[in-house]
Amino acid sequence: MSFERHPTNKWLDEVPGVRWFKADLHVHTIDDHPGGRAKMPAGLSGPLTDTNTLAGYARLFLQRLIERGVQVVGLTPHSPRTGDAPETSAVWRIVEEWNSGADDDGIPFREKIYAVFPGFEPSLREGREGLHLLFLFDPEIGRERYLRSFDLVMGAVSPWKGGNHRISNRRANEAFDDLQKFQEQENECFSGAGENRSWHYLVLAPHIDAQKGLLGAQKAQVLQIFDHGAIAGLELGDEKLPKETLHCRSWLCQGMKKHGQAFFHASDAYALDEIGNRHTWIKLASPRIEALRQAFIACDSRMRIGFEKSEDGALQPIGDPPDVTLNERPWLKDLSIQGGASFFGGKDLDGPRETRFRFSPDLTCIIGGSMTGKSALLDGLRIQANAPMPDDEAIHRQVKARGQEVFGAGSPKIALVCPGNDPTAPLDERWPALFFAQNELQRLSQECSAVEDILAKLAPSETEGISERTNELRILDDRLIKGVQVLAKLDGQLADAEQAYERARAAKEELTAFSEAGVEDLHRASREQQLWTESSRTVASIRQSIGAVVESAAAFDVPQMNPALAKELRSRGGNPDLDGRWAQAVNLLRNAECETKAWSNAVAIAVEILVRREAELRVSVERALADRGLNATKLKEVQELNRRASLLSSYQANLERTREQRKKDEELFARLRKRRHEIINQQREAFRRVGEDIEREFGNRIRVRRVDNGDCRPLKRFLEKLHQRGITRWWNGLAADARPSPDELVASIDACALDDVGMSGTVQETFQENITRSKERELAALRCPDTFVLELRMDDGAYRRLDELSGGQRVSVLLSLLLETDDDRPLVIDQPEDELDNRFLSETVLPALKKLRGRRQVIVATHNANVVVNGDADMVIQLEATARQGRVACAGAIEEPAVRGAIVRTVDGGEEAFRLRYKKYGF
């Protein structure tokens, strides 16, 4: 029975390029029922030779794979059939159901399970008890050839005798030879018939440390048995990881490296409930054996053991599986540009033109000739993502020009798809990519803050603590700066309070002295004299008014009254003698005038007496004040002195409050400085551990040296603001390693030991004149951050600082560290090889790049074949362009022939150049 694979685009649509799958490559089927370990699943009955029973079993099997999250499975029973007829193969019934059947929800099984590899686990005639190996095939082999392959490997020996698994009569090398010949013959038949039904197989070594495993015998015997390079992978023990398995087996490590072999975990399941109990994450470009082989060969980038040790030493599934559909790491899946005047949009005859880019969640390489739009694409993405622009002004202008005038010209319609994120959130939150334009890495290699940021993320166990302390240091710096401002304000308030209190206290003392000198008697005498003087003036004014009235009254002529009027007046009780009565009134007014005159004369005498007495008292008081050293002119300020003295208690309370507040703030300032010092020490210790990790990780090829308070720019700016040439010359004349930190300078000021920091006497005098208390606090609030010097070990064993290396070496060191960080933000780099050292690229950068698989999206525009091929790109996008428009010429995984051809033509100089180099190297 031949096999025709039914295609599906589901997996590629979900994750472009090569993607991760949860794989269990060692699973037994009900075909092993004769051995007693493979049990009939619950709910299933009927003879195992019945096709309906096998069909039901196949569905249950596939559904259990889906339930357990297994997407790639190797079917490896000890026997590939339950009976003698080909139709009794449970393995093949599973393959058929996967290829053509659908789950209960109507979705095809092939859209839920990526790959099913039919295979078997024979026992070959090696060692005392036989050697178990796993053989996996492409389903294209077909059922009959699959069963024939098993018979060839077993040498026609029946796999079961009673309940025992029988050993083949074929040795391993003989089985490999027979199977290889059979494959070549069959593939040649397909080719001769004009059909494309070629199939491949893969050999794995199960339970290698068991008695029937590959390493059950001694090392020497293993190497003598057969060429174990024919085996692609070695299955770890159930409770073991690679490090434990390789312990004291350097020969095994060397052999695996030589033959391109890898460790893997698998369940060796006999029951459906055991499937996936042990598994491996494998990255595949297609559901074929060749893709699986490539994954084992490139295990550093395409395989992840699915388990880690728990605290109690037991194996547990890794917490962050690499499959991007199972975690929340940010990645860009799809970009489309339509219309406008964009280099990738514009118009065709049919209307707006659209260009679509699809990216891998791991490594995407963008290739193409000069002027095909690689930089424009990445710069446009940078602007669309609202990512930080380069600090360097020239690079900033170039990025902006390409991103706006080439990528975004004419306001095209741009759509980005970032799976697993809120589509309504800003793009820089959905896809917080970290960008590096051409030459930007070289510039950053000279920035202390960039190096520190990278170092902080290198050790996952330290990253969170370093980040928290960095934030706390920033907060402490801000609080100390504000503290300086608060204390300066309190200094002013305290000076004002002290001055006000002193004035009130002095006023009260003066009032006391005045009282003792008789000032109060003088004031009473002055007030009495002033009172009588004012009274005399008032009476004189009254007397003058009376005199005028007297003159008017005396001149008044009373009219004559006739007898009739007089009679009538008397009849009504009146007195008709008006002349007499008026004369009497005039006499009274003249008497009043005389009396007021006499009163005024008496008062004038009294005032004269009071003036004389006040003058005598004044002379006495002035003499008494002079004896006390007081100024007699302040006698006029007594009222103001009284006002000030009345506020003495409130001024004193305000002074005490201000002093107490400043004391508290000074204590807080001191505590903040102490806390900052503690944090700095903790941070230094953390970076020391990070440095040790780096040296260990890079085999001492890269090391980190910390320079305490190395960034002295804050202190330099402070000293320059003093505007004293002598101080500036002193600072500039110091060697870099002799310059004091702000804390050291403050300590020298407090200890009056400025000569310890190299100041001459003249400079010390100038410095002390300019350093007020507030300035000293400002100095104490300063922090010169530590800097970190990266050093690279050269071929002669000596280390060189980063700034002493070539541009390519600097970028290589920085990029390798950048790739080693625990940062999960997508990383986008434009042509790093412009500055890279190829040797360092291969030795350091590419291994680091491969470790990022499943943890971080990386997009690189490159002309370097090493990055694309040796970096094992998961998606390659080739760009082509005319003078005004760019397009995607081809895109896909490196395994695809069209993509391989594009790589050879674009970044490897073409096929002829590639063959010529191959010959010249003698490979």
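Residues numbered from 1 in each chain as written. Predicted model: local features only at pLDDT ≥ 70, side-chain atom pairs only at ≥ 80, totals over all residues. Heavy atoms only, no water.

> Teacher, can you tell me more about the overall build of the chain here?
For the chain, the helix and strand inventory stands at 31 helices and 29 strands. A compact globule built from 923 residues should have a C-alpha radius of gyration of about 29 Å, whereas the chain, at 51 Å, is more than 25% larger. Here the chain holds 923 residues, and 47% of them are scored as buried. The long-range share in the chain, meaning contacts at least 24 apart out of those at least 6 apart in sequence, stands at 74%. (Helix = DSSP H or I, 4+ residues; strand = E, 2+ residues; numbered from the N terminus. Rg over C-alpha atoms; globule rule 2.2 N^0.38 Å. Buried < 20%, exposed > 50% of the residue type's maximum accessible area, 1.4 Å probe, protein only. Contact = heavy atoms within 4.5 Å.)

> Help me out: how do you make sense of the packing of helix H2 (residues 51-67) against helix H3 (residues 90-100) in this one?
Contact pair H2 / H3: the axes reach a minimum separation of 9 Å and the direction vectors enclose 65 degrees. Read as a crossing pair, H2 and H3 show a hand that is right-handed. Between H2 and H3, the residues in contact are Leu-54, Ala-55, Tyr-57, Ala-58, Arg-59, Phe-61 and Leu-62 and Ala-90, Arg-93, Ile-94, Glu-97 and Trp-98, respectively. Among the residues forming the contact of H2 with H3, the class breakdown is 9 nonpolar, no polar and 3 charged. (Axes fitted to C-alpha atoms, helices over the stretch in contact; angles between N-to-C directions. Left-handed = near helix turned anticlockwise from the far one by under 90°. Nonpolar A, V, L, I, M, F, W, Y, C, P; charged D, E, K, R; others polar.)

> Help me understand the pattern of salt bridges in this model?
Where charged atoms from two side chains of opposite charge come close, those side chains can pair. All chains considered together, the criterion is met by 64 salt bridges. For the salt bridge of Glu-186 with Arg-145, the shortest nitrogen-to-oxygen distance reads 2.4 Å. One end of the pair, Glu-186, is in helix H5 (residues 172-192); the other, Arg-145, is in helix H4 (residues 143-154), and 41 residues separate them in sequence. Of the residues examined, Arg-145 reaches a relative accessible area of 25% and is grouped as partly exposed. For Glu-685, the salt bridge goes to Arg-689, with nearest N and O atoms at 3.9 Å. (Salt bridge = Lys/Arg side-chain N within 4 Å of Asp/Glu carboxyl O.)

> It is not clear to me how the packing of aromatic side chains should be interpreted in this structure. Could you clarify?
With the rule as written, the count across this model stands at 23 aromatic pairs. Each ring, one from Phe-182 and one from Trp-199, has its centre 5.9 Å from the other, and the planes form 50 degrees; the classification is tilted. Separated by 17 residues along the polypeptide, Phe-182 in helix H5 and Trp-199 in the loop between H5 and strand E9 (201-205) bring together distant segments of the chain. Here the aromatic residues Phe-3, Trp-92, Phe-120, Phe-135, Phe-137, Tyr-146, Phe-150, Phe-176, Phe-182, Trp-199 and Tyr-201 are joined through ring pairs into a cluster of three or more. Positioned over the ring face of Trp-11 is Lys-10, at 3.7 Å from the centre of the ring. Taking NZ or CZ as reference, Arg-703 lies 3.7 Å from the ring centre of Tyr-799, over its face. (Phe/Tyr/Trp six-rings, centres within 6.5 Å; stacked < 30°, edge-to-face > 60°. Lys NZ or Arg CZ within 6 Å of the ring centre and 35° of its normal.)

> Even after reading the chapter, I still don't get the side chain of Ser-816, so can you show me in this structure?
Inspection of the secondary structure puts Ser-816 in helix H27 (residues 807-820). A polar contact of 2.7 Å, which involves the side chain of Ser-816, links it to the backbone oxygen of Val-813. When near neighbours in sequence (up to four residues on either side) are disregarded, Ser-816 contacts Phe-698, Ile-702, Phe-840, Thr-844, Val-845 and Ala-848. (Polar contact = N/O pair within 3.5 Å; in protein donor to acceptor, adjacent residues only side chain to side chain.)

> What is the right way to look at the sheet that holds E9 in this model?
The strands that make up a sheet are held in pairs by hydrogen bonds between backbone atoms, and each pair lies either parallel or antiparallel. Across the sheet, 9 strands lie side by side as E11-E10-E9-E6-E3-E2-E1-E12-E13; this open sheet has mixed pairing. Strands with a single pairing partner mark the edges of an open sheet, and in this sheet they are strand E11 (262-264) and strand E13 (303-305). Averaged over all pairs of adjacent strands, the angle between their axes in this sheet comes to 30 degrees, without regard to strand direction. Here H4 sits on the sheet in contact with strand E3 (115-120) and strand E6 (134-137), set at roughly 35 degrees to E3. (Pairing = 2+ DSSP bridges.)

> Can you help me understand the sheet that holds strand E29 (residues 886-892) in this one?
With mixed pairing, 6 strands are arranged side by side in an open sheet as E22-E26-E27-E20-E28-E29. Whereas interior strands pair on both sides, the edge strands pair on one side only; in this sheet they are strand E22 (434-436) and E29. Each adjacent strand pair in this sheet contributes to an overall mean axis angle of 15 degrees, direction not counted.

> Sorry if this is basic, but what is going on with the pairing of strand E12 (residues 280-284) here?
Along any regular strand, the residues point their side chains to alternate faces of the sheet. Of all 5 residues making up E12, 5 are buried, and the element is well covered by its neighbours. By the alternation rule, side chains of E12 split into Thr-280, Ile-282 and Leu-284 and Trp-281 and Lys-283, which are all buried. With 5 bridges joining them, strand E1 (residues 19-27) and E12 adopt antiparallel strand pairing. Following the sheet pairing, Lys-22 is matched in E12 by Trp-281.

> What is the right way to look at the pairing of E3 in this model?
Counting buried positions along E3 gives 6 out of 6 residues, so the element sits mostly inside the fold. Along E3, one buried face is formed by Ala-115, Phe-117 and Gly-119 and the opposite face, lined by Val-116, Pro-118 and Phe-120, is buried too. In this structure, strand E2 (residues 72-75) lies alongside E3, joined through 4 bridges in parallel fashion. The residue bridging Val-72 from the neighbouring strand is Ala-115, located in E3. Taken together, E2, H3 and E3 form a β-α-β motif whose crossover is right-handed. Here E3 runs beside E6; their pairing, made up of 2 bridges, is antiparallel. Each bridged residue has a counterpart across the sheet, and for Gly-119 the counterpart in E6 is Leu-136. (Right-handed = clockwise from strand over helix to strand, strands pointing away.)

> Just to check I follow, could you spell out the environment of Glu-129 for this structure?
The residue Glu-129 is located in the loop between strand E4 (123-124) and strand E5 (131-132) in this model. With sequence-adjacent residues up to four places away left out, Glu-129 is seen in contact with Ser-123, Ile-167, Gln-211 and Lys-212.

> Would you mind going over helix H12 (residues 393-407) with me for this structure?
Quick reminder: α-helices carry 3.6 residues per turn. Residues three or four places apart thus point the same way. Given a rise of 1.5 Å per residue, 15 residues ought to cover 21 Å, and the 20 Å separating the end C-alpha atoms of H12 matches this to within 8%. Taken together, the buried positions of H12 are occupied by Ile-395, Val-399, Gly-403 and Phe-407. The arc that holds the buried residues of H12, viewed along the axis, is 55 degrees, so those residues lie on one side. Exposed residues on H12 whose side chains face more than 90 degrees from its buried face are Glu-393, Arg-397 and Glu-405. Buried residues in H12 make contact with strand E16 (334-338), helix H11 (374-384), strand E21 (413-417) and helix H14 (440-444). Where H12 begins, the capping side chain belongs to Asp-392, and its oxygen is found 3.2 Å from the backbone nitrogen of Ala-394. (Expected span 1.5 Å × (residues − 1). Arc of directions from axis to C-beta.)

> For this particular structure, what's the right way to read the confidence of the model for the chain?
Predicted coordinates in regions of low pLDDT should not be interpreted in detail. In this model, the chain carries an average pLDDT of 86, and 90% of its residues clear a pLDDT of 70 or more. Model confidence for the chain, summarised as mean pLDDT per element, is weakest for helix H31 (residues 911-921) at 52 and strongest for E2 at 98. (pLDDT = per-residue confidence, 0-100.)

> Explain unusual backbone geometry here, please?
Where the residue is not glycine, phi is negative for most of them; where a peptide bond is considered, it is trans in most cases. You will see that Met-371, though not glycine, has its phi angle at about 65 degrees, which is positive. With phi around 55 degrees, Asp-872 is a residue other than glycine that occupies positive phi space. As for its position among the elements, Asp-872 is in the loop between helix H29 (865-870) and strand E28 (875-881).

> Help me understand the nonpolar core, please; the structure alone is not making it clear to me.
For soluble globular proteins, nonpolar side chains are generally found buried alongside one another. Formed by 61 residues in total, the largest nonpolar core has its most connected members in Phe-61, Leu-133, Phe-135, Phe-137 and Leu-234. Formed by 56 residues, the second largest nonpolar core is a distinct cluster that contains Phe-436, Val-704, Ala-865 and Ile-903. (Core = buried A, V, L, I, M, F, W, Y, C linked by side-chain atoms within 4.5 Å.)

> Explanation requested: the packing of helix H22 (residues 713-720) against helix H23 (residues 725-733) in the structure shown.
The description of two helices packed together rests on the angle between their axes and the distance between the axes. Interaxial distance between H22 and H23 falls to 9 Å at its minimum, and their mutual angle equals 155 degrees. Here H22 is positioned roughly antiparallel relative to H23, judged by the angle of their axes. Facing H22, whose interface residues are Leu-715, Lys-716 and Leu-719, H23 presents Ile-727, Trp-730 and Trp-731. Across the contact of H22 with H23, the residue classes break down as 5 nonpolar, no polar and 1 charged. (Parallel < 35°, antiparallel > 145°, perpendicular 65-115°, else oblique.)

> I'm lost on the side chain of Asp-874 in this one. Help?
Relative to the helices and strands, Asp-874 is located in the loop between H29 and E28. Non-local contacts of Asp-874, meaning those with residues more than four positions away in its chain, are made with Gly-17, Val-18, Lys-283, Ser-360, Asp-362, Leu-363, Arg-853, Gly-892 and Ala-893.

> Would you explain the state of the cysteines in this entry?
Each disulfide consists of one covalent bond between the sulfur atoms belonging to two cysteines. According to the stated counting rule, one finds 0 disulfides in the structure shown. Its sulfur unpaired, Cys-712 is 6.1 Å from the next cysteine sulfur, which belongs to Cys-784. (Disulfide = S-S within 2.5 Å.)

> I would appreciate a short explanation of the environment of Leu-588 in the present structure.
Along the polypeptide, Leu-588 turns up in helix H19 (residues 578-627). The exposure class assigned to Leu-588 is exposed, which follows from its relative accessible area of 55%. Note: C-alpha distance between Leu-588 and Val-550 (38 residues apart in sequence) is 9.3 Å.

> How should I be thinking about the environment of Asn-327 in this particular structure?
Among the secondary structure elements, Asn-327 is positioned in the loop between strand E15 (315-317) and E16. What makes Asn-327 buried here is its relative accessible area of 16%. Taking the C-alpha atoms as reference, Asn-327 lies 8.3 Å from Gly-420; in sequence the two are 93 residues apart. The contacts of Asn-327, once residues within four sequence positions are left out, are Asp-320, Pro-321, Pro-322 and Gly-854. Within the structure, Asn-327 has its side chain in polar contact with the backbone oxygen of Asp-323 (distance 3.4 Å).

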